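The residues making up each chain are set out below.
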Amino acid sequence: MMDDADVVIVGAGPAGAAAAYHLARRGRRVILLDRSAFPRDKPCGDAVTRAGVRLLAEMGVLADLGGTRVIGGLSVSMGAKGRRSTRDFRYGDDGYGIVVPRAVLDEAIVARAVGAGADFRDRVRVARLVQTDAGAVRGVEIAGGAGVLQAPVVVAADGGTSVLARRSTREGRRQGRYGYAVRAYFDLQEAGGLDDLLRFVMPLAHPATGARLPAYGWIFPMGPDRINVGVGVAERQPGVNLADMFAGFTDELRTNLPGFAAARQTGPLRGAPLCTGFVPERSWAPGLLLVGDAAGMINPATGEGISFALESGKIAAEAIDAGLETGRTDDFSAYATCLARRFSGHLETGRHAAVRHRLAWRVLEDTFESDRPIFALVRRTTLSPGPGIDSRAQAVSADLRGCLRPGLGLGSQLVVASEILADTVRRDWPFLARLHSMTTDEHVLARPALFVLLAARCRSDGGGAPRATSGADTASDRLITLAAAADLAAMAVLAAASVDVHPAAAAPAGPNWGTTFAVLSSDLLLARALALCATTSPELAAQVASAVEEACRGRIRELAAHRLSTPPEPRRWLELSSRSGLAALAAASCELGARAAGAAEEVIAALGAYGRSIGLAVQLLEDDRRLSGGTDQLGRDALADLDEASPCAPFRLARVHLGSRLEAVHSFAGDTRTRADRAAELVRLIGTTTVLEQTRGWIRELVDEAERALERVPPCPARDSLAAIAQQVRRHAGGADPAFTPGRTDPTSVHARRAQS
């Protein structure tokens, strides 16, 4: 008996409809079911992030949506009511989001699926799964005795309270906690005047006790006179009625949001459950795949799920198509692996998700005003929406990819190193895996793994890529693991550099969650790095630990120098910076790779000198981006160094030039300026000095030093690649400077500084 379809999809929301579209485009027979009559409304924030917009554009859906509100990022206000601090997370040139009612969005995606060949049937309720004696899913039974639809694969896209997920044979699958969100639409004449940001306010207070809860409110502009307002909690709170919390939040808006006092609610308050129990390994059963909300794919910090739904639908379609092609529809473990790697850092996993989320919330609140590296990473990965991790895309930025000489075979090795890194931290702190995916082509990402692999190809015999022998394969695997360990060690240093933090004055009394988290993260990452070394390169584990120790000692020296009664002159901070942070890790990574490949000691020393100079140059490039009005890789602006115990060398130079004028940038009681206003003022002040010119001069000098170090390395394609990276750094620093003469005896020059050391 012939199956009714290749795939039956239950639920026509974004996840199910996207899966139907991509399968139908591949020529598969698809039946798409939904229990509601379309078009239908759906309680939701209606916001689609830039990642979701890209997926909608890929399906051609954007052209069908009409007048949507374009979104340029999000704004988060954190802290106690009346004392909230606000940060904006702008998309910049990296895409845009939209706000569109679900009634419009879902109908448009379904129409595209139907146009691709899917058979859509609304007002159909599924009673249960049809399974073989062995438990494999082979179709669904329609409620009311309306028959059975047979197919080798069923997709459960029936929401956070998925009936099909509960009735599958994967025991213990539903490990997550349920939260809840409610929303209502408001007419607001001034809505067209709101900026293009999705606004979040957190935490919200318990309606009865006033205690702060891990709950958030949102205000999303929809058009010239309409907004979407709602509140949500990642897990249910005892004794909390969300309708009361919503009323308290709207009362706050009537006081603080311009024009909202005259806003009129249109329609009832509607709500929906939020399942945040994303468990990749339990996202499938033989013949069954879970997508979107049914798989618990909700960001617990913001309740966002549409982009995850769209992408999981696409990934499921790819997995199903491959399974149908090979006739293997009972094993979709590859789908689970893909989800785990793709969404690490966006979606908390497993039964510990709620506990981790509560800790992340405390860290966010305690460190919202801090720009220490690990806290900036937590803030950005937790709150700022963006694409999931694609190890193929994150292996090396396009900016550096053009520097790598053909034939080295680094691309695939960096991909594997990325996957090792993600798998190593995913179960503990999955957001940490996102560090290497957060760069854009505007940044030179001096990734330690890249330096390990390039340096390993700079042996004294001028060796290139490993030959295709079993021994070479073993050596290659060893190097890849070592490269992943170097990346983990770099993140351990990033966390350790965040330990000396002072809570903001507005932070609640109690534990210093920021410092606690930084220490725990640093210890965890270093332990994972050493564990990787122990499996393949035990003799190099001590060198990895020593590299982290040097970087941390360098940081301690910077802090100690800052506390001197007469701090060193700004030019002396470069020497300290070259022994900490990225500079120390880049040097150690080059030495690690060269030593692992058996290079001569003089080559190891030369590569270490190259790494230290280029690492410091890249560090200064990031400083220059902040102080000239941009943001660095972690999204930090010019204010990042203002209250820092040990600011970057260019900012120290700015202090010398500006002196008391910097006081105008500090916030004060009753200050009505936004953070962006203050950052812009600081950039303007720095622009009145020669700080940026001097910083770029330092960068070019460091590139000169790196190139001189490479002269001691035997000619080979890997050395050429390292030289090309140095030239790319020079280009980012403004290229050749006619007024700049390498080695000049400028009292603030790198050469003069080192001559005096």
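Residues numbered from 1 in each chain as written. Predicted model: local features only at pLDDT ≥ 70, side-chain atom pairs only at ≥ 80, totals over all residues. Heavy atoms only, no water.

### A look at the side chain of Ser577
If you trace the backbone, Ser577 turns up in helix α17 (residues 570-577). A relative accessible area of 6% means that Ser577 is categorised as buried. (Helix = DSSP H or I, 4+ residues; strand = E, 2+ residues; numbered from the N terminus. Buried < 20%, exposed > 50% of the residue type's maximum accessible area, 1.4 Å probe, protein only.)

### Remarks on the packing of aromatic side chains
A full pass over the atoms with the stated rule returns eight aromatic pairs. An aromatic cluster of three or more residues is present, and its members are Phe200, Tyr216, Trp218 and Phe220. Arg183 extends its terminal NZ or CZ atom over the ring of Tyr185, reaching a point 4.3 Å from the ring centre. (Phe/Tyr/Trp six-rings, centres within 6.5 Å; stacked < 30°, edge-to-face > 60°. Lys NZ or Arg CZ within 6 Å of the ring centre and 35° of its normal.)

### Comments concerning the pattern of salt bridges
It is possible for side chains of opposite charge to pair when their charged atoms get near one another. Within the structure shown, the criterion is met by 40 salt bridges. Linking Asp106 and Arg102 is a salt bridge whose minimum nitrogen-to-oxygen distance equals 2.9 Å. Linking Asp106 with Arg102, this pair stays in helix α3 (residues 102-116), spanning four residues, or about one helical turn. For the residue pair Asp106 and Arg102, the accessibility class agrees, reading buried in each case. Between Asp187 and Arg264 there is a salt bridge; the shortest N-O distance is 2.8 Å. Placement of Asp187 in strand β13 (residues 178-187) and of Arg264 in strand β19 (residues 264-275) is noted, with a sequence separation of 77 residues between them. (Salt bridge = Lys/Arg side-chain N within 4 Å of Asp/Glu carboxyl O.)

### Focus: the sheet that holds strand β20 (residues 284-285)
Pairing is mixed across the open sheet formed by six strands, whose spatial order is β8-β2-β1-β12-β21-β20. Bordering the open sheet on either side are β8 (119-121) and β20, each of which pairs with just one other strand. As paired strands, strand β1 (residues 7-10) and strand β12 (residues 153-156) are joined by four bridges and run parallel to one another. Each bridged residue has a counterpart across the sheet, and for Ile9 the counterpart in β12 is Val155. (Pairing = 2+ DSSP bridges.)

### Here we look at the sheet that holds strand β7 (residues 97-99)
Taken in spatial order, the three strands of this open sheet run β3-β7-β4, and their pairing is antiparallel. Two strands close off the open sheet at either side, each with one partner strand: β3 (47-48) and β4 (69-71). Two strands pair when backbone bridges link them, and β4 and β7 are joined in this way by three bridges, in the antiparallel orientation. Counterpart to Arg69 in the pairing with β7 is Val99.

### A closer look at the environment of Ala51
Turning to its location among the elements, Ala51 is positioned in helix α2 (residues 50-59). Assessed through its relative accessible area of 9%, Ala51 is described here as buried. For the pair formed by Ala51 and Ser307, sequence separation is 256 residues and the distance between their alpha carbons is 6.0 Å.

### Describing the nonpolar core
Core analysis: the biggest nonpolar cluster contains 99 residues, and Leu454, Leu607 and Tyr610 have the highest contact counts within it. Tallying contributions element by element places helix α14 (residues 470-496) first for this core, with 13 residues. The residues contacting Leu607, other than those within four sequence positions of it, are Ala455, Cys458, Cys590, Ala594, Leu710, Val713 and Leu722. Core analysis: the next-biggest nonpolar cluster, separate from the first, contains 74 residues, Ala19, Ala151, Leu290 and Tyr335 among them. (Core = buried A, V, L, I, M, F, W, Y, C linked by side-chain atoms within 4.5 Å. Contact = heavy atoms within 4.5 Å.)

### Some details on the pairing of β1
Residues Val7 and Ile9 point to one face of β1 and Val8 and Val10 to the other, with burial holding for every one of them. Read from β1 through helix α1 (residues 14-25) to strand β2 (residues 30-33), the crossover connection turns out right-handed. (Right-handed = clockwise from strand over helix to strand, strands pointing away.)

### Quick notes on helix α15 (residues 513-536)
Look at α15: 35 Å from first C-alpha to last across 24 residues, which is about the 34 Å you get at 1.5 Å a residue. Considered for burial, the residues of α15 that qualify are Gly514, Thr515, Phe517, Ala518, Ser521, Ser522, Leu524, Leu525, Ala529, Leu532 and Cys533. (Expected span 1.5 Å × (residues − 1).)

### Describing the packing of helix α19 (residues 601-627) against helix α22 (residues 691-710)
The description of two helices packed together rests on the angle between their axes and the distance between the axes. Running from N to C, α19 and α22 cross one another at 160 degrees; their axes reach a closest spacing of 8 Å. Judged by the inter-axis angle, α19 sits roughly antiparallel to α22. Handedness of the crossing formed by α19 with α22: left-handed. Residues Ala606, Leu607, Ala609, Tyr610, Ser613, Ile614, Leu616, Ala617, Leu620, Leu621, Asp624 and Leu627 of α19 form the contact with α22, whose participating residues are Leu692, Thr695, Arg696, Trp698, Ile699, Leu702, Glu705, Ala706, Ala709 and Leu710. (Axes fitted to C-alpha atoms, helices over the stretch in contact; angles between N-to-C directions. Parallel < 35°, antiparallel > 145°, perpendicular 65-115°, else oblique. Left-handed = near helix turned anticlockwise from the far one by under 90°.)

### Re unusual backbone geometry
It is generally the case that most residues other than glycine have a negative phi and that most peptide bonds are trans. Residue Pro39 is bonded to the preceding Phe38 through a cis peptide linkage, with omega at -5 degrees. With an omega dihedral of -5 degrees, the bond running from Met202 to Pro203 counts as a cis peptide bond. With respect to the helices and strands, Pro203 occurs in the loop between β14 (197-202) and β15 (204-205). Positive phi, close to 70 degrees, is recorded for Asp46, a residue that is not glycine. Looking at the secondary structure, you find Asp46 in the loop between β2 and β3.

### Here's the deal with the packing of helix α16 (residues 538-562) against helix α18 (residues 581-596)
In contact at an axis separation of 9 Å, α16 and α18 are set at 165 degrees when each is read in the N-to-C sense. When the axes of α16 and α18 are compared, the pair comes out roughly antiparallel. For the pair α16 and α18, the sense of crossing is right-handed. Facing α16, whose interface residues are Leu540, Gln543, Val544, Ala547, Glu550 and Ala551, α18 presents Gly581, Ala584, Leu585, Ala588, Glu591, Leu592, Arg595 and Ala596. Grouping the amino acids of the contact of α16 with α18 by side-chain chemistry returns nine nonpolar, two polar and three charged. (Nonpolar A, V, L, I, M, F, W, Y, C, P; charged D, E, K, R; others polar.)

### Re the confidence of the model for the protein chain
Considering every residue of the protein chain, the mean pLDDT works out to 83; 84% of them sit at 70 or more. When the elements of the protein chain are averaged for pLDDT, helix α24 (residues 750-755) gives the smallest value, 40, and α1 the largest, 98. Throughout residues 387-394 the model reports pLDDT below 50, and contacts reaching past four residues in sequence, or to other chains, amount to 23 contacts. For the stretch residues 736-757, pLDDT sits under 50, and the model shows 38 contacts to residues farther than four places along the chain or on other chains. (pLDDT = per-residue confidence, 0-100.)

### Remarks on the environment of Pro647
Following the sequence through the fold, Pro647 ends up in the loop between α19 and α20 (649-658). Residues Pro647 and Asp623, spaced 24 residues apart in sequence, show a C-alpha to C-alpha distance of 9.8 Å. Setting aside residues up to four positions removed in sequence, Pro647 forms contacts with Asp641, Arg652 and Arg655.

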